[in-house]
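Residue strings, one per chain:
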Amino acid sequence: LQLEQSLHQALELEEFVLYYQPQVNVYTGKMIGMEALIRWNHPEHGMISPALFIPIAENTGLIEPIGDWVLRRACRQLIEWQEAGLPPVCVAVNLSARQFQKQNFVEQIAEVLQETGLDPQYLELEVTESLAMTHADRAVSKLYELKHLGVKLSIDDFGTGYSSLNYLKRFPIDTLKIDRSFVGDITSNEGDATIVTTIIAMAHTLEMKVIAEGVENEEQLEFLYGQGCDQMQGYLFSPPRPAEEIEKMLRGGL
Ligand code: G
Ligand code: G
Ligand code: MN
Ligand code: NA
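Residues numbered from 1 in each chain as written. Chains lettered and ligands numbered in written order. Predicted model: local features only at pLDDT ≥ 70, side-chain atom pairs only at ≥ 80, totals over all residues.

An unreviewed UniProt entry lists the protein chain under the name EAL domain-containing protein, with Tumebacillus lacus as the source organism.

## Concerning the site of ligand 1
Every residue near ligand 1 is listed here: Leu37, Ile38, Ser49, Pro50, Ala51, Ile54, Val70, Asn94, Ser96 and Pro240. Secondary-structure elements contributing two or more residues to the shell around ligand 1 are strand E2 (31-42) and helix H2 (50-60). Sorting elements by how many residues they give to the shell around ligand 1 places H2 first, with three residues. The class makeup of the residues in the shell around ligand 1 is seven nonpolar, three polar and no charged. (Near = placed C-beta within 6 Å. Helix = DSSP H or I, 4+ residues; strand = E, 2+ residues; numbered from the N terminus. Nonpolar A, V, L, I, M, F, W, Y, C, P; charged D, E, K, R; others polar.)

## Quick notes on the nonpolar core
Nonpolar side chains tend to gather and get buried jointly when the protein is soluble and globular. One finds Ala74, Val91, Val93, Leu176, Ile178, Val210 and Ala212 to be the most contacted residues of the largest nonpolar core, which totals 62 residues. Element by element, the count of residues in this core is highest for helix H3 (residues 63-83), at eight residues. What valine 93 contacts, discounting residues up to four positions off in sequence, is Ala36, Val70, Leu71, Ala74, Leu125 and Glu126. (Core = buried A, V, L, I, M, F, W, Y, C linked by C-beta atoms within 7 Å. Buried ≥ 20, exposed ≤ 12 C-beta atoms within 10 Å, placed from the backbone. Contact = placed C-beta atoms within 7 Å.)

## A short note on the packing of helix H1 (residues 2-12) against H2
Two numbers describe how H1 lies on H2: the axes approach to 10 Å, and their chain directions differ by 90 degrees. One finds that H1 runs roughly perpendicular with respect to H2. Facing H1, whose interface residues are Leu3, Glu4 and Leu7, H2 presents Phe53, Ile56, Ala57 and Thr60. (Axes fitted to C-alpha atoms, helices over the stretch in contact; angles between N-to-C directions. Parallel < 35°, antiparallel > 145°, perpendicular 65-115°, else oblique.)

Below, the structure written as C-alpha cells:
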C-alpha cells in the first residue's frame, strides 16, 4: 500500500525517467532503433528497476497513467531528436497486459501519435508472447487495428511463453524478439543454439524480422550473424542509457 501511494506521487512529482537501449543491425553494426525502458528515480532509494514496480502498477491499475506517460515521453523524445536533425531511428515501447486489453487502447495510441506529431512508422509496440497468446483471437484483431495506424509491432520475450504457431502466422507482427534466456548460452548449449536457429528460420518464413536480446559478447554476435539474425540488442553494444547519452551516440552519426 505504501509503495502504491508513492508510485502515485512519483507520477505527479515526475520521478520517472526513460532510459533507451540501442538496437543494432547485425550486418552494418548501425543503430536502427532503441527500446524505451522506464526507471523510477526515487529521491531516497535512487534508480528503481521496473521489475520491482511494474508488477505493482499492473495490479493497482497505475500502469494505465504510467504507460500513457511512457508512450508520450518516448514519442516526444523522438520528435525532439528528429527536429534537431539527428538520424531517424525507431523507438520501441513495452506494453503491459492491462494497457493492451483496455477498450480504447487503439484510440489512445492514435491520440498520442496525433498530439506528438510523430510519424507512426517510428513507433514500435512490444507485446509479450504470453500476452499475445492469451485471448489470441481478440489479440489478432487488436493487433490489426494497431497495424492500420502505421505503427510497428513486435513480440517480446519470444520463446518463453506458449505459442500457437497457428496464431503466430495470423499476427501482423514485424519483429520477433528472442528472449535473452536463449541467447546467453548459444555458443555453449546446443539446445539453445538449435532453438535460436529455428526461431530465426521460422520468423523469416513468416516474413518477420528477428532481434536477439541480451547479446553480451562477440561469440554470440558471430553465431547470430551466421544464422541470419537481423538485429541485436544487449550489453555488447550498449546497456540502457539516459536520453542525453543516446543523443550523443546519435550525434556521433551511428
Ligand atoms: O530495463 P530492465 O531490464 O530493468 O526492465 C525490466 C522489465 O521491465 C522488462 O521485462 C521490461 O520489459 C519491463 N519494462 C521496462 N520498461 C517498461 C515500460 O515502460 N512498460 C512496461 N509495461 N514494462 C516495462
Ligand atoms: O523484458 P524485456 O526484454 O523488455 O527486458 C529488457 C531487459 O533486459 C532490461 O531490463 C535490460 O536492462 C535487460 N538487458 C538488456 N540487455 C541485456 C544484456 O545484454 N544482458 C542482460 N543480462 N540483460 C540485458
Ligand atoms: Mn521489451
Ligand atoms: Na524480452
